[in-house]
Amino acid sequence: MQMYRVIFFGALAFFAAVAMFIGVVVMITSLQNGALTWSYTSGGKGITETISRTADAARFWKLLSIMGMMPVILGAAAMWFSVRKLRTS
């Protein structure tokens, strides 16, 4: 049971670090370029959107907060929780 706990919370810490890294990279590149590009599928077709800070500022900041800040915040919370659980093991 102890080994399961170490593996589980170690993996959680790893994925939290990856999420924080990706969030920081998205924020840095989007703020430097002034545009946020993302792609998704709709009806079986690939769609790529580019949202510019100057053209649609409200949508740019909304997407930046969802795709950049949320992974950093949630990753930091998961990292804190997993390190806390690993120290009590």
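Cut-off values and rules
- Residues numbered from 1 in each chain as written.
- Predicted model: local features only at pLDDT ≥ 70, side-chain atom pairs only at ≥ 80, totals over all residues.
- Heavy atoms only, no water.
- Helix = DSSP H or I, 4+ residues; strand = E, 2+ residues; numbered from the N terminus.
- Rg over C-alpha atoms; globule rule 2.2 N^0.38 Å.
- Buried < 20%, exposed > 50% of the residue type's maximum accessible area, 1.4 Å probe, protein only.
- Areas by Shrake-Rupley, 256 points an atom, 1.4 Å probe, with all protein chains shown as cover.
- Polar contact = N/O pair within 3.5 Å; in protein donor to acceptor, adjacent residues only side chain to side chain.
- Contact = heavy atoms within 4.5 Å.
- Core = buried A, V, L, I, M, F, W, Y, C linked by side-chain atoms within 4.5 Å.
- Axes fitted to C-alpha atoms, helices over the stretch in contact; angles between N-to-C directions.
- Parallel < 35°, antiparallel > 145°, perpendicular 65-115°, else oblique.
- Left-handed = near helix turned anticlockwise from the far one by under 90°.
- Nonpolar A, V, L, I, M, F, W, Y, C, P; charged D, E, K, R; others polar.

A. Expanded view of the overall build of the chain. Secondary structure summary: the chain contains two helices and two strands in total. Seen in sequence order, the chain has helices and strands lined up from the N terminus as α-β-β-α. Against the compact-globule benchmark of 12 Å for 89 residues, the chain has a radius of gyration of 17 Å, which places it well outside the compact range. Reported as C-alpha extents along the three principal axes, the dimensions of the chain are approximately 55 × 30 × 15 Å. The 89 residues of the chain split such that 19% are buried. For the chain, the accessible area works out to roughly 6,200 Å², and carbon and sulfur atoms hold 69% of it.

B. Summary view of the side chain of serine 30. By the secondary structure assignment, serine 30 is in helix H1 (residues 2-33). For serine 30, a relative accessible area of 5% gives the class buried. Looking at serine 30, its side chain comes within polar contact range of the main-chain oxygen of valine 26, at 2.8 Å. Sequence-distant contacts of serine 30, defined by excluding residues within four places in its chain, comprise Ala35, Leu36, Phe60 and Leu64.

C. Spotlight on the nonpolar core. By size, the foremost hydrophobic cluster in this structure holds six residues: Met27, Leu36, Ile51, Phe60, Leu63 and Leu64. Among the elements that take part in this core, helix H2 (residues 57-88) stands out by supplying three residues, more than any other. Among all residues touching leucine 64, those that are not within four sequence positions of it are Val26, Met27, Ser30, Leu31, Leu36 and Met69.

D. Structural detail: the packing of H1 against H2. As a packed pair, H1 and H2 sit with axes 7 Å apart at the nearest point and diverge in direction by 155°. The orientation of H1 with respect to H2, classified from their angle, is roughly antiparallel. You can see that H1 and H2 cross each other, and the crossing is left-handed. Class assignment of the residues belonging to the contact of H1 with H2 gives a composition of 24 nonpolar, seven polar and two charged.

E. Fine view of the environment of threonine 54. As for its placement among the helices and strands, threonine 54 is situated in the loop between strand S2 (45-52) and H2. Threonine 54 gets classed as exposed once you look at its relative accessible area, which sits at 76%. Along the sequence, threonine 54 and threonine 37 sit 17 residues apart, while their C-alpha atoms lie 14 Å from each other. Reaching out from threonine 54, the side chain makes a polar contact with the side chain of serine 52 at a distance of 3.1 Å.

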